[in-house]
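Observations on chain architecture
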Amino acid sequence: DRVLWAGSTPAYDTRFAEKAGKFWDGKFGINTELLPFTGKGPDAKLYRQVGAKYVPKKWGLSSFGQFGFLDARVATEVLLTLKPSQLTAKGVNTAFTKIKNWKSDLLCRPFYSGNLPGHVPNNWDITTTGKDGKMVVREPCFPIAGVTPEIKAARAAEKKFKLTSGTLYPPPGWQR
């Protein structure tokens, strides 16, 4: 009880708290990077629906699955904005480098992409822990400490190019 254990993103999934057991409730923090997929927002709901249809129950839902889901969503949205003549490697790559202020109820802050120094668009975090066999939020969205040159450069680029519009997620009224 004198030590707080921690794990990185891969530990966050629908099975962790149940498998770890009550002994670990509140004692093991996981930096999940994305908001819980148990949320009420449209992306959280759609991720659960896709997971229910395509993910075997023995695997459960996970942060990596969430990232794949969001990658597919942003890629689809960007591709649908392109003209057929732009659907080339160069056209698609150029379009991907112009993403900014892309929002999801699974992100702490809007996503962006580009040719930037210190490109770290996901530089906020959230900490979860087990409670009664379920994962719950221990620490809501917070900025990762700007201790590396890359994170400092990313934050400077966000301000300079208005890449995140200062929007903080979860939105007001969000419930844990």
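What comes next is a walk through the structure. (Residues numbered from 1 in each chain as written. Predicted model: local features only at pLDDT ≥ 70, side-chain atom pairs only at ≥ 80, totals over all residues. Heavy atoms only, no water.)

**Notes on the sheet that holds strand β1 (residues 5–7)**
Note the following rule: Following DSSP output, two strands are said to pair if at least two bridges run between them. Helix and strand labels come from DSSP, where a helix needs a run of H or I of at least four residues and a strand needs a run of E of at least two; each type is numbered from the N terminus. The axes used here are C-alpha line fits, helices contributing only the stretch in contact, and every angle between their N-to-C directions lies in the interval 0 to 180 degrees.
Spatially, β1-β2-β3-β4 is the arrangement adopted by the four strands of the open sheet, whose pairing is mixed. Among the strands making up the open sheet, the edge pair consists of β1 and β4 (134–143). Each neighbouring strand pair of the sheet contributes to a mean axis angle of 25 degrees, computed without reference to strand direction. Inspection of the sheet shows β1 paired to strand β2 (residues 28–31) by three bridges, in the parallel sense. Residue pairing for β2: G7 is matched across the bridge by I30.

**Some points on helix α2 (residues 42–54)**
Threshold: The length a helix should cover is 1.5 Å for every residue beyond the first. Here the term buried applies to any residue with accessible area under 20% of the maximum for its type, exposed to any over 50%, and partly exposed to those in between, with areas from a 1.4 Å probe on protein chains only. What the arc covers is the set of directions going from the helix axis to the C-beta atoms.
Across its 13 residues, α2 extends 18 Å between first and last C-alpha, which sits within 8% of the 18 Å expected from 1.5 Å per residue. For α2, every residue scored as buried is listed here: D43, A44, Y47 and G51. Along the axis of α2, the buried positions cluster into a sector of 100 degrees, meaning they face one direction only. Summarising the geometry of α2, the exposed residues directed more than 90 degrees from the buried face are P42, Q49, A52 and K53.

**Some thoughts on the pairing of β4**
When strand β3 (residues 124–131) meets β4, the two strands line up antiparallel, connected through seven bridges. Along β4, the bridge assignment pairs W124 with P143. The hairpin turn running from β3 into β4, its antiparallel successor, is two residues long, and D132 in that turn takes a positive phi close to 55 degrees.

**Topic: the state of the cysteines**
To keep things clear, this is the line we draw: Here, a disulfide means two cysteine sulfur atoms that sit within 2.5 Å of each other.
Throughout the structure, instances matching the rule amount to one disulfide. Between the sulfur atoms of C108 and its disulfide mate C141 the distance is 2.1 Å. Around the S-S axis, the bridge from C108 to C141 shows a dihedral of about -80 degrees and counts as left-handed. Of this pair, C108 sits in the loop between α4 (89–96) and β3 while C141 sits in strand β4, and the two are 33 residues apart along the sequence. An identical accessibility class is assigned to C108 and C141; each is buried.

**A word on empty space enclosed by the protein**
Quick reminder of the rule: The way it works is a 1 Å grid over only the protein atoms, where trapped points that fit a 1.4 Å probe form a cavity and open points with protein on both sides within 12 Å along at least five of seven lines form a pocket, and then any residue with an atom within 4 Å of a point lines it. Grid points are joined across faces, edges and corners, and a volume is the space filled by probe spheres set on the points. Each residue gets one label: Ala, Val, Leu, Ile, Met, Phe, Trp, Tyr, Cys and Pro are nonpolar, Asp, Glu, Lys and Arg are charged, and the others, such as Gly, are polar.
Overall, the coordinates contain two cavities of 30 Å³ or more when judged by the stated rule. Put simply, the largest cavity is a space of about 60 Å³. Taken together, L107, C108, R109, P110, F111, P121, N122, N123 and W124 make up the full set of residues lining the largest cavity. When grouped by side-chain class, the residues that make up the lining of the largest cavity number six nonpolar, two polar and one charged. In this model, the second largest cavity occupies a volume close to 30 Å³. When residues in the lining of the second largest cavity are grouped by element, the largest group, three residues, is from helix α1 (residues 16–20). Residues that form the lining of the second largest cavity fall into these classes: five nonpolar, two polar and one charged.

**Topic: the packing of aromatic side chains**
Aromatic ring pairs are defined here through the distance separating the ring centres and the angle between the ring planes. To keep things clear, this is the line we draw: Centres within 6.5 Å make a pair out of two Phe, Tyr or Trp rings, where for Trp the six-membered ring is used; the pair is then stacked when the planes are under 30 degrees apart, edge-to-face when over 60, and tilted otherwise. By definition here, charges over rings are those cases where NZ of Lys or CZ of Arg is within 6 Å of the ring centre and within 35 degrees of the ring normal.
With the rule as written, the count across this model stands at seven aromatic pairs. When the ring of F23 is compared with that of W24, the centres are 5.2 Å apart and the planes differ by 90 degrees; the resulting orientation is edge-to-face. F23 sits in the exposed class, given a relative accessible area of 57%. Relative accessible area serves as the criterion here: at 29%, W24 is assigned to the partly exposed category. Feature note: the residues W5, F16, F23, W24 and F28 constitute an aromatic cluster, connected by ring pairs. The lysine or arginine in question, K27, covers the ring of F23, its NZ or CZ lying 3.9 Å from the ring centre.

Function cannot be inferred from these measures alone, as they are strictly geometric.
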